[in-house]
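# Analysis of the macromolecular model
One letter stands for each residue in the lines below.
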Amino acid sequence: QVRLRQSGGGSVQAGASFRPSCAASGDTRCMPDMSWYRPTPGEKREWVADIGQDGTTGYTGAVTGRFSISRDEYDGTLYLQMNNLRPDDSAVYYCKAVYECLAKGMRDYWGRGTQVTVSA
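All of the points below concern the structure found in this document. (Residues numbered from 1 in each chain as written. Predicted model: local features only at pLDDT ≥ 70, side-chain atom pairs only at ≥ 80, totals over all residues. Heavy atoms only, no water.)

Taken as a whole and assessed by the stated rule, the structure comprises two disulfides. A sulfur-sulfur separation of 2.1 Å characterises the disulfide bridge that pairs Cys-22 with Cys-95. Residues Cys-22 and Cys-95 share a disulfide whose torsion about the S-S bond is about -75 degrees; that sign makes it left-handed. Of the two residues, Cys-22 sits in strand E3 (residues 21–26) while Cys-95 sits in strand E9 (residues 91–98), which places them 73 residues apart along the sequence. (Disulfide = S-S within 2.5 Å. Helix = DSSP H or I, 4+ residues; strand = E, 2+ residues; numbered from the N terminus.)

Next up on the list: the packing of aromatic side chains. Taken as a whole and judged by the stated rule, the model has two aromatic pairs. Each ring, one from Tyr-99 and one from Tyr-109, has its centre 6.2 Å from the other, and the planes form 75 degrees; the classification is edge-to-face. In this pair, Tyr-99 is assigned in the loop between E9 and strand E10 (108–110) and Tyr-109 in strand E10, connecting sequence segments ten residues apart. Like Tyr-99, the residue Tyr-109 is buried in the burial classification. Of note, Arg-45 hangs over the ring of Tyr-94, and the distance from its end group to the ring centre comes to 3.8 Å. Lying across the ring of Trp-110, Arg-45 places its NZ or CZ 4.5 Å from the centre. (Phe/Tyr/Trp six-rings, centres within 6.5 Å; stacked < 30°, edge-to-face > 60°. Buried < 20%, exposed > 50% of the residue type's maximum accessible area, 1.4 Å probe, protein only. Lys NZ or Arg CZ within 6 Å of the ring centre and 35° of its normal.)

One can find Ala-97 in strand E9. With 55 residues separating them along the chain, Ala-97 and Gly-42 place their C-alpha atoms 23 Å apart. If we ignore the near neighbours within four places in the chain, the residues touching Ala-97 are Leu-4, Pro-32, Asp-33, Met-34, Arg-107, Asp-108 and Tyr-109. (Contact = heavy atoms within 4.5 Å.)

Right, let's talk about the side chain of Thr-60 for a bit. Its place among the elements puts Thr-60 in the loop between strand E6 (57–59) and strand E7 (67–71). Note on Thr-60: relative accessible area 16%, which makes it buried. Each residue touching Thr-60, except ones within four places of it in the same chain, is listed here: Glu-46, Trp-47 and Val-48.

The four strands are arranged E1-E3-E8-E7 in an open sheet whose pairing can be described as antiparallel. Each end of this open sheet is capped by a strand with a single partner; those strands are strand E1 (2–6) and E7. The sheet shows a mean angle of 15 degrees between the axes of neighbouring strands, taken without regard to direction. (Pairing = 2+ DSSP bridges. Axes fitted to C-alpha atoms, helices over the stretch in contact; angles between N-to-C directions.)

This is how it looks when you write it as structure tokens:
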């Protein structure tokens, strides 16, 4: 019912910036909680940043001060402004949206990922 479309990936040098985006379409009848994740060794995904319905933001310690999550006030597109990138930031970044107004089992949606590669 909801589809999250993520922007294309890219390769940058250490210290550079990159800005993945995530746009929702479909049954977007309410403002979702949105987050960015990236894989860790193994199967688990690491939470990177999130933004609540009220605009409150949070970040994992590894990116605090360098990354900034935001949501476009006009169309709701999610962004992750990534500054001063490091090689260990290299990952596939996934967008997640949670719509509390939708029925159980139909509230969580994931984007297909944006590959970010940072070279030393």
